[in-house]
Amino acid sequence: MSLHWISGTIVKKHVWSDGLFTISVQCPGVLPFEPGQFLQVGVPLREKHLHRPYSVASPHGDLLEFFIVRVEGGELTPRLWGMEIGDAIDVSEKATGGFTLSHVPDADCIWLLATGTGLAPYIAMLRDAVIWNRFSKIVLAHGVRYATDLGYQEELAQFANQYPDRFQFVPVVSRQSVEGSISGRITTAIESGALESKVGIAIQATNSAVMMCGNPQMLDDVEHQLHSRGMTKHKPKTPGNYVVERYW
Ligand SMILES: Cc1cc2nc3c(=O)[nH]c(=O)nc-3n(C[C@H](O)[C@H](O)[C@H](O)COP(=O)(O)OP(=O)(O)OC[C@H]3O[C@@H](n4cnc5c(N)ncnc54)[C@H](O)[C@@H]3O)c2cc1C
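J.: What exactly am I supposed to notice about the overall build of the protein chain here?
T.: Summing up its helical and strand segments, the protein chain has 7 helices and 12 strands in all. Scaling as 2.2 N^0.38, a compact globule of 248 residues should have a C-alpha radius of gyration of about 18 Å, and the protein chain matches this with 18 Å. Along the first, second and third principal axes, the C-alpha atoms of the protein chain reach 50 × 45 × 35 Å. A total of 248 residues make up the protein chain; the buried ones form 40% of that total. Sequence separation of 24 or more characterises 70% of the internal contacts of the protein chain that already satisfy a separation of 6 or more.

Next up, the structure:
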């Protein structure tokens, strides 16, 4: 399927740490999409158009955010990392993907589990009204190696201040001990019960919907853990409890 490109301009670049960054792209003309969907982002080269899918880290608008990590040896991300304000960048006109709240079953609590830049779709959802209207409790667990790999900390703290009884953000840091965070991985924090005891809510089929996004190992391991609790993947014809977005 051929893609229709909108020529955008980078108007802001926020560097969270070496190789971890957010670009804000002015690209009016991108068709309306749901928070959680992804666009193709890329650059024309002489021999081909080089592009990859990226979750949009903001709701639909003329200015779109992308939260990106430079992958060593990767084809596109070292180029994106080198781009600056004013540079042109191509964005696909039409977003795709089913990792959205309209594909999530109703529940008391929604668990948003992310590793690395898998945080991006949740930032878009939290900035939009739907998640706040549908779920009385929202827990976001962000798994990273080091504290410097955490992005959007201030914004997440603002949500927690604004909704102290409804929103909890739990950083899970695997290679460093950081005050206020759980040490280890999301999977070990579920296995040990540390995540649920920190937020005071159990992940179970009767009360929870789970979204998970990021690296494939975390997704496979958490799926396994949820299965052992009698939870299943949610599909339109076979309602279940969780949905998954695989980055690679
Ligand atoms: C639906 C979807 C949404 C995505 N959204 C985002 C996003 O919001 N932010 C983001 O940074 N990436 C996102 N990705 C990943 C992105 O599309 C690229 O795969 C990634 O940026 C690497 O591109 P590259 O050309 O530099 O590396 P490539 O040359 O394509 O590949 C290098 C290899 O690196 C691996 N890889 C890909 N991503 C990572 C990673 N994050 N960490 C370690 N290894 C990796 C893969 O195995 C890949 O084969 C998303 C992927 C999908 C499928």
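J.: Looking at this model, I keep getting lost on the sheet that holds strand E5 (residues 63–69). Mind explaining?
T.: Working definition: the strands of a sheet are paired by backbone hydrogen bonds and lie parallel or antiparallel to each other. Spatial strand order, E4-E3-E6-E1-E2-E5: 6 strands in an open sheet with antiparallel pairing. Strands at the two margins of the open sheet, each flanked by one partner only, are strand E4 (49–55) and E5. Within this sheet the neighbouring strands show an average axis-to-axis angle of 35°, counted without direction. Sheet topology note: the strand E3 (residues 38–44)/strand E6 (residues 88–92) ladder contains 2 bridges and is antiparallel. Bridge assignment links Gly-42 to a residue of E6, and that residue is Asp-90.

J.: Where do I start with the pairing of strand E11 (residues 208–214) in this structure?
T.: For a regular strand, side chains alternate in direction, first toward one face of the sheet and then toward the other. Within E11, 7 of the 7 residues are buried, leaving the element largely enclosed by the surrounding structure. Bridge count between strand E7 (residues 109–115) and E11: 6 bridges; the pairing is parallel. Along E11, the bridge assignment pairs Leu-113 with Met-212. One crossover worth recording links E11 to the parallel strand E12 (residues 242–246) by way of helix H7 (residues 216–228), and it is right-handed.

J.: Is there a simple way to explain the nonpolar core in this structure?
T.: Side chains that are nonpolar tend, in soluble globular proteins, to be buried together. If you look at the biggest cluster of nonpolar residues, it comprises 70 residues, and the most contacted ones within it are Phe-66, Ile-110, Leu-112 and Leu-113. Here this core spans two domains, since at least three of its residues come from each of domain 1 (5–92) and domain 2 (101–246).

J.: Please clarify how the domain arrangement of the protein chain should be interpreted in this entry.
T.: Where interface size is given, it is often the accessible area lost as the parts come together that is meant. Domain assignment breaks the protein chain into domain 1 (5–92) and domain 2 (101–246). Distance between the C-alpha centres of domain 1 and domain 2: 24 Å. If you look at the interface, domain 1 gives 15 residues, while domain 2 gives 15 residues. Broken down by element, the residue count for the side of domain 1 that touches domain 2 peaks at 3 residues, all from E5. Of the residues contributing to the side of domain 1 that touches domain 2, the split by class is 9 nonpolar, 5 polar and 1 charged.

J.: Got a minute to help me understand the site of the ligand in this structure?
T.: Taken together, 20 residues lie near the ligand, and Arg-52, Gly-74, Leu-76, Thr-77 and Thr-117 sit nearest. In terms of residue count, E4 provides more of the shell around the ligand than any other element does, 4 residues in total. For the shell around the ligand, a count of residues per class yields 11 nonpolar, 6 polar and 3 charged. Counting residues domain by domain, the shell around the ligand receives three or more from each of domain 1 (5–92) and domain 2 (101–246).

J.: Could you clarify how one ought to interpret the sheet that holds E7 in this entry?
T.: Ordered by their spatial adjacency, 6 strands build an open sheet running E10-E9-E8-E7-E11-E12, and the pairing between neighbours is parallel. A strand with exactly one partner marks an edge of an open sheet, and here the two such strands are strand E10 (182–183) and E12. Along the sheet, helix H4 (residues 153–162) contacts strand E8 (137–144) and strand E9 (167–173); its crossing angle with E9, the most-contacted strand, is approximately 145°.

About the criteria used
- Residues numbered from 1 in each chain as written.
- Predicted model: local features only at pLDDT ≥ 70, side-chain atom pairs only at ≥ 80, totals over all residues.
- Helix = DSSP H or I, 4+ residues; strand = E, 2+ residues; numbered from the N terminus.
- Rg over C-alpha atoms; globule rule 2.2 N^0.38 Å.
- Buried ≥ 20, exposed ≤ 12 C-beta atoms within 10 Å, placed from the backbone.
- Contact = placed C-beta atoms within 7 Å.
- Pairing = 2+ DSSP bridges.
- Axes fitted to C-alpha atoms, helices over the stretch in contact; angles between N-to-C directions.
- Right-handed = clockwise from strand over helix to strand, strands pointing away.
- Core = buried A, V, L, I, M, F, W, Y, C linked by C-beta atoms within 7 Å.
- Domains from an automatic or database assignment.
- Nonpolar A, V, L, I, M, F, W, Y, C, P; charged D, E, K, R; others polar.
- Near = placed C-beta within 6 Å.

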